[in-house]
Amino acid sequence: MTGTTPGLRLPEADSRVLARREEIIAALRVIVPGEGVIAHEREMRPYESDGVTAYRQLPLVVVLPSTTEQVAAVLKYCHANEIRVVPRGAGTSLSGGALPLEDAVLIGMGKFNRVLEIDTANRCAVVQPGVTNLGISKAVDHLGFYYAPDPSSQIACTIGGNVGENSGGVHCLKYGLTTNNVLGVELVLITGEVVRLGGKHLDAGGLDLLSVVIGSEGLLGIVTEVTVRLLKKPDTARAVLVGFPTSEDAGECVARIIGGGIIPAAIEMMDRDAIAAAEAFVNVGYPLDVEALLIVELDGPEAECAHLLEEVTRVAEGCNSVTLRVSTSEAERLGFWAGRKAAFPAVGRLSPDYLCMDGTIPRRQLPYVLSRMRELSVQYGLRVANVFHAGDGNLHPLILYDANAPGQLDAAENFGADILRLCVEVGGVLTGEHGVGVEKRDLMPTMFNEVDLAQQLRLKCAFDDKSLMNPGKVFPTLHRCAELGRMHVSGGALPFPDLPRF
Amino acid sequence: MSDIIAVRDEQEVAEAVRTALGAGKTLEVRGHGSQQALGRPSQTDLTLDLSALSGVTLYEPEELVLSARAGTPRADIEEMVAARGQMLAFEPMDTGPLLGGTAGRGTLGGLFAVNLAGPRRISHGAVRDHALGIKAVSGRGEPFKSGGRVVKNVTGYDLPRLMAGAFGTLSIATEITLKVLPRPPMEETVIARVASPGEAAAALSAAMGSSCEVSGAAFLPEGVAGRLPGLSGAPAVVALRMEGVAPSVTARRAMLLKVLAGIGPAEVLETEPSRPLWQAVRDVIPFAGSGERAVWRLSTQPKVGPELAAKLVQDLGGEAYCDWAGGLIWLCLPGEASHADTVRAALAPYGGHATLIRASAAERARSAVFQPLDGALAALTKRVKESFDPGLVLNPGRMHAGM
């Protein structure tokens, strides 16, 4: 039962656990009866990878609980027996966060798919973690409400996965990320204990543990219920499509809009290659003779949209825009977005495979980062197309490669790693919204030193004393909690523990 | 009075913590000392004074980001961003007036440590929602960093948000990076009379459930309302703020007046009377200057807030009002006794938390100042504290006894 994980080191499988596989399966079948335990190799195949299909690994066994009690019992059993656990939502992770381990129980949360309560008087909804992101908005649409974060994969990705990755989307410039829109969770710890963090109220009465659970990539516990904030849908939304001769001009336009006091609902940018790919795919009338295209969306009362559209138009014209189209109907606005939202599959048609990167940079560094990326593109002999959440500096370079061409996957991965190092070098970060997972794990030391990472690992130990939750993800080192917790006080100097590497 | 160690940079903070660790001493972490009366009174051996660790290190208005050292006066920061037409959107409470001090003091580290957001919490979030990055020194005496200077960032656990509101019990933040936002050019507040707390809850809910983008929503009962600027002599009202560009505010005001049509007569406050009103709501001015009468801050589900506030006043006396569309109750009791069990028992059916914000030191020692934690959550919280501060050196006991 080996997997395919080229170039990726995963924690060494625990042979004692592998040897007890049949016994573990039997124990799990007692906790989750019926068809809730999947142990046959053929039936486990669909779970062998997530959105990062380059990495594949069959799990020890798949379990599909349907109640909090079952999740608690499974985790308690795994804790008592020192068995690793990998949580999984819809498996759309773009960082390999749900990649199975050979010796780990994969816990699929797909059966937690109900909207439990819609509470418009408190403007919130209580849902199970397997409800899709879009499913929440659909459930409250008839009441005029929606859930604001809108990752591109929103048809498929689940709110539980969004909590794990602190997902964003194109509208988070104005409406925030998952962390700003989730009010509470029910969390099962690896010990099987159940804690509730937050609820229908705001802020924490003690330490704000919800803050670290959101974006923790399944390393702290398993979320079994989520309370989300609902917003009233804006009366109107209008978009403007602006083409620029250079990315510098487009970047300057974004800086002036925001510096001038306007926070649009979204500002997206695409470079020439991404524009061409998207236009060929959906044919919505994007200009093909520009280096950079901005989609700026404004929402709110009609009077506000009209007023701000004038302002944005004026700013754009002052930044050498060469084409400018304001949406005059809802169909046209959706058309503007159709190209952007199809950018990934559109680029996918240009090439057998592509790698989607996810760094964030201070916005003004964009022209420099783009020019360095062009140099790297030549160096590696691989094309790259760029889509960019320009409002908040989140960059998604798409590296085109052919997995069947010898060496290209390695080259693409090295190219991607160079881009992320570049993001950190200019003051940015390795990942804006896709998570570290296994994909960016080994780059963590470019952003954090050993002390920074040790502090993060100690926090993990407070939740997971045996390091059983999703090991091999996020952190480049495995660790023993006892060793991390040790503190030597001598002569005022504290030696930092050396962490074993795998 | 404990010995004071004044520090000027991160290295000195780290040395001070190591020294304390080595000597088995505890540290109180302090900026201007304007919030010393917040939290449980704790006896520490040493006081670490961060007020000299001051200065804005980065401000890029077009990037909506600002970094400053922990001891930087908040007033300096607010002035600096205002000069560029920006603001700290979470409207941090100035605790000076309520706690018997003066207004306008306090540091960035202090407002970060207490996470007391003002009226705009409902639309823009709290301090924690705007915390992007930190440099800090742990209770192990080790400098570390977390987060960054960009808004979208999931690289590692979100320690800046965890440390916001931790009252300096996890680590000592030495530099904090915040998201800043454009300050709206104008605002208006619609004031509508309400006949009862139930009607207030309905009005707040209707306003928040509309697309008027309300950024301040308070229930101000008779008596409390009369002590707020711009409302003198007013009966019980709800106040609803809208901010933005003029055409938008005008359109939303018209929309909101329609939403409130079934409720009592309404009037509109323009920008100038509106701004001081919300600042007074933020700083709990109606309960300032009332000595050591116990003041509670309750966070609960918004729809029950006005009636819960009324019930608490009925049972215990005193006065109360609601911010955050009903979700935040400010309760001022008639005397120094905090009646913690009664307050928390009344809150329990609805969920949330109650914090004793103002009380005598004796009362804060006697009662649980922060919401008591139950079994598994208490144990988890203690483990998290110890993961940063295993020797319980930093502000021990400030939030919970024994941590």
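Calculation criteria
- Residues numbered from 1 in each chain as written.
- Chains lettered and ligands numbered in written order.
- Predicted model: local features only at pLDDT ≥ 70, side-chain atom pairs only at ≥ 80, totals over all residues.
- Helix = DSSP H or I, 4+ residues; strand = E, 2+ residues; numbered from the N terminus.
- Rg over C-alpha atoms; globule rule 2.2 N^0.38 Å.
- Buried ≥ 20, exposed ≤ 12 C-beta atoms within 10 Å, placed from the backbone.
- Contact = placed C-beta atoms within 7 Å.
- Nonpolar A, V, L, I, M, F, W, Y, C, P; charged D, E, K, R; others polar.
- Domains from an automatic or database assignment.
- Expected span 1.5 Å × (residues − 1).
- Pairing = 2+ DSSP bridges.
- Axes fitted to C-alpha atoms, helices over the stretch in contact; angles between N-to-C directions.
- Parallel < 35°, antiparallel > 145°, perpendicular 65-115°, else oblique.
- Left-handed = near helix turned anticlockwise from the far one by under 90°.
- Arc of directions from axis to C-beta.

A few words on the overall build of chain B. When you go through chain B residue by residue, the secondary structure sums to 13 helices and 18 strands. Its C-alpha atoms give chain B a radius of gyration of 21 Å, within 12% of the compact-globule value 22 Å for 403 residues. Burial status across chain B gives 60% buried among its 403 residues. Contacts in chain B between residues far apart in sequence, at least 24 positions, make up 71% of those at least 6 positions apart.

Along the backbone of chain A there are 19 helices and 19 strands. For a compact globule of 502 residues, the expected C-alpha radius of gyration is about 23 Å, and chain A comes in at 23 Å, within 12% of that figure. For chain A, the spread of C-alpha atoms along the three principal axes comes to 65 × 60 × 55 Å. Relative to its 502 residues, chain A shows a buried fraction of 58%. Here the contacts in chain A between residues at least 6 apart in sequence split such that 73% fall between residues at least 24 apart.

All names here are of chain A. For Thr92, the location among the structural elements is in the loop between β3 (84–88) and β4 (104–108). The spacing of Thr92 and Glu48 is 44 residues in sequence and 12 Å in space, taken between C-alpha atoms. Among all residues touching Thr92, those that are not within four sequence positions of it are Asp50, Gly51, Ser153, Ala156, Cys157 and Gly161.

Here we come to unusual backbone geometry. Residue and element names in this part refer to chain B. One non-glycine residue with positive phi stands out, namely Asn115, at about 50°. Inspection of the secondary structure puts Asn115 in the loop between α3 (108–114) and α4 (121–124). The backbone of Phe167 sits at a positive phi, close to 55°, despite the residue not being glycine. Locating Phe167 in the fold gives a position in the loop between α6 (159–163) and β9 (171–179).

So, on to the interface of chain A and chain B. The interface of chain A with chain B comprises 75 residues on the first partner and 75 residues on the second. Listed by contribution, the elements that provide at least two residues to the side of chain A that touches chain B are α8 (178–181), α9 (209–213), α10 (247–259), α12 (302–317) and α18 (450–463) of chain A. Top contributing element to the side of chain A that touches chain B by residue count: α18(A), with eight residues. Of the residues belonging to the side of chain A that touches chain B, the class tally is 29 nonpolar, 30 polar and 16 charged.

Our focus in this paragraph is the domain arrangement of chain B. Taken domain by domain, chain B holds domain 1 (1–183 + 373–403), domain 2 (186–279) and domain 3 (285–366). For domain 1 of chain B versus domain 3 of chain B, the distance between C-alpha centres works out to 25 Å.

Let us now look at the environment of A:Pro46. Summarising the element assignment, A:Pro46 is placed in the loop between α3 (41–44) and β2 (61–63). Through-space distance from the C-alpha of A:Pro46 to that of A:Gly108 is 11 Å; in sequence the pair is 62 residues apart.

A separate point is helix α7 (residues 197–208) of chain B. The end-to-end C-alpha distance of α7(B), which contains twelve residues, comes to 16 Å, matching closely the 16 Å that a straight helix rising 1.5 Å per residue would cover. Of the positions making up α7(B), those classed as buried are B:Pro197, B:Ala200, B:Ala201, B:Ala203, B:Leu204, B:Ser205, B:Ala207 and B:Met208.

Here chain A is partitioned into domain 1 (15–108), domain 2 (115–232), domain 3 (236–344), domain 4 (351–444) and domain 5 (452–485). With centres defined by C-alpha atoms, the gap from domain 3 of chain A to domain 5 of chain A works out at 44 Å.

Residue and element names in this part refer to chain A. One open sheet holds the five strands; their spatial order is β5-β6-β10-β8-β9, and the pairing between them is antiparallel. Bordering the open sheet on either side are β5 (115–119) and β9 (194–198), each of which pairs with just one other strand. Averaged over all neighbouring strand pairs, the angle between strand axes comes to 10°, with direction disregarded. Alignment of strand β6 (residues 124–127) against strand β10 (residues 222–229), held across four bridges, turns out to be antiparallel. Each residue of the ladder has a partner; that of Cys124, found in β10, is Arg229. In the packing of helix α4 (residues 68–80) onto the sheet, contacts are made with β8 (182–188), β9 and β10, and the angle to β8 comes to roughly 50°.

Residues and elements named next belong to chain A. Ordered in space as β1-β2-β4-β3, the four strands form an open sheet in which the pairing is mixed. Looking along the sheet, the strands with just one partner apiece sit at the ends: β1 (37–38) and β3. The pairing of β1 with β2 spans two bridges and is antiparallel. Each residue of the ladder has a partner; that of Val37, found in β2, is Val63. Strands in contact with α4 are β2, β3 and β4; relative to β4, the strand with the most contacts, it is inclined by about 170°.

So, about the packing of α10(A) against α12(A). All names here are of chain A. Relative orientation of the contacting elements α10 and α12 amounts to 140°, with a least axis distance of 9 Å. Put simply, α10 runs oblique to α12. Between α10 and α12 the crossing geometry is right-handed. Packed against α10, whose contacting residues are Cys253, Arg256 and Ile257, the element α12 presents Val312, Val315 and Ala316 at the interface. Among the residues making up the contact of α10 with α12, the classes are represented as five nonpolar, no polar and one charged.

Residue and element names in this part refer to chain A. The end-to-end C-alpha distance of helix α13 (residues 330–341) is 16 Å, a good match for the 16 Å that twelve residues give at a rise of 1.5 Å each. Turning to α13, its buried residues number three or more, namely Arg333, Phe336, Gly339 and Arg340. Along the long axis of α13, the arc covered by the buried residues comes to 125°, so they all point the same way. Away from its buried face, by an angle of more than 90 degrees, α13 presents the exposed residues Glu330 and Ala331. The inward-facing, buried residues of α13 abut β12 (236–244), β13 (266–271), α11 (272–282), β14 (292–300), α14 (343–348) and β18 (384–389).

Residues and elements named next belong to chain B. Structurally, Ala368 can be placed in the loop between α12 (361–366) and α13 (375–388). Of the residues examined, Ala368 has 19 C-beta atoms within 10 Å and is grouped as partly exposed. In sequence terms Ala368 and Ser338 are 30 residues apart; their C-alpha atoms lie 9.7 Å from each other.

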